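Examination of the molecular architecture
Here's the letter readout for the chains.
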Amino acid sequence: MTDIDLAELRQLAIAQLAQSYSPYSNFPVGAAGIADDGRTVVGTNVENASYGLTLCAECSMVSDLVRTGGGRLLAVSTVQGDETPVAPCGRCRQLLFEHGGGGLIVDWDPEPLLLDALIPEAFGPSNLA
C-alpha cells in the first residue's frame, strides 16, 4: 500500500507483549503505529479487576501518540500473544478512526487492510459539524 515497513512495525508491536499487564485474561496484546511525522508510538493492554476499565493496547498506543506530540496515524500493527495480528475491537476501531481515518493501514495476514474495511461508514468529527 505504501513504503511503510509493516514487518518492522509488527516487530515493535511484538516487543510490547512483554509489557502487557494481563493477569485476568492471560491475553497479552501489543500495538505499534507510525505517525505522519515518522514517529513510532507503542502501547500494550493494561487490564483491571473491574474488567470494564481495561485499557486496550490500541488505546495505550493512541495515548502515546497524543503524549508525544499528536499527529495522525498512518499505519498500525496489533498482535496477540502468539505474535500474530489481532483485529482491533469495536471501541479501538473507533479510536483509530479518530486518529488515523479510514485510510489508516492495518497490519493483517495475508495482506494489510485499510481501516475503512474494518469500520465502514464510521462516525467521526465530520458528523458533528
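Read on for a plain summary of the structure.

What counts, and where the lines are drawn
Residues numbered from 1 in each chain as written. Predicted model: local features only at pLDDT ≥ 70, side-chain atom pairs only at ≥ 80, totals over all residues. Heavy atoms only, no water. Pairing = 2+ DSSP bridges. Helix = DSSP H or I, 4+ residues; strand = E, 2+ residues; numbered from the N terminus. Disulfide = S-S within 2.5 Å. Polar contact = N/O pair within 3.5 Å; in protein donor to acceptor, adjacent residues only side chain to side chain. Contact = heavy atoms within 4.5 Å. Core = buried A, V, L, I, M, F, W, Y, C linked by side-chain atoms within 4.5 Å. Buried < 20%, exposed > 50% of the residue type's maximum accessible area, 1.4 Å probe, protein only. Axes fitted to C-alpha atoms, helices over the stretch in contact; angles between N-to-C directions.

On to the pairing of strand β2 (residues 40-44). Here strand β1 (residues 29-35) runs beside β2; their pairing, made up of five bridges, is antiparallel. Each bridged residue has a counterpart across the sheet, and for alanine 31 the counterpart in β2 is glycine 43.

With that out of the way, let us pick up the state of the cysteines. Under the criterion given, the structure shown has zero disulfides. Between cysteine 59, a free cysteine, and cysteine 92, which holds the nearest cysteine sulfur, the sulfur-to-sulfur gap is 3.9 Å. Residue cysteine 89 stays outside any disulfide, its sulfur separated by 3.6 Å from that of cysteine 92, the closest cysteine.

Time to look at the side chain of arginine 39. With respect to the helices, strands and loops of the structure, arginine 39 is situated in the loop between β1 and β2. From its side chain, arginine 39 meets the backbone oxygen of leucine 65 in a polar contact 3.4 Å long. At 2.5 Å, the side chain of arginine 39 forms a polar contact with the side chain of threonine 68. When near neighbours in sequence (up to four residues on either side) are disregarded, arginine 39 contacts Gly33, Ile34, Leu65, Thr68, Gly69, Gly70 and Gly71.

Attention now moves to the nonpolar core. Across soluble globular proteins, nonpolar side chains have a tendency to be buried as a group. Counting residues in hydrophobic clusters, the biggest one holds 19 residues, and the most contacted among them are Met61, Leu73, Val76, Leu96, Leu104 and Leu115. If we skip the residues at most four places from it in the chain, methionine 61 touches Ala31, Ala32, Gly33, Val41, Val42, Gly43, Leu73, Val76 and Leu96. Counting 10 residues, the second largest nonpolar core, distinct from the first, contains Leu6, Ala13, Ala32 and Val79.

Judged by pairing direction, the sheet is mixed, and its five strands sit side by side in the order β2-β1-β3-β4-β5 without closing on themselves. What marks the edges here is a single partner per strand, and that holds for β2 and β5 (113-114). Across the face of the sheet, helix α2 (residues 57-67) comes into contact with β1, β2 and β3 (73-80) while running at roughly 145° to β2.

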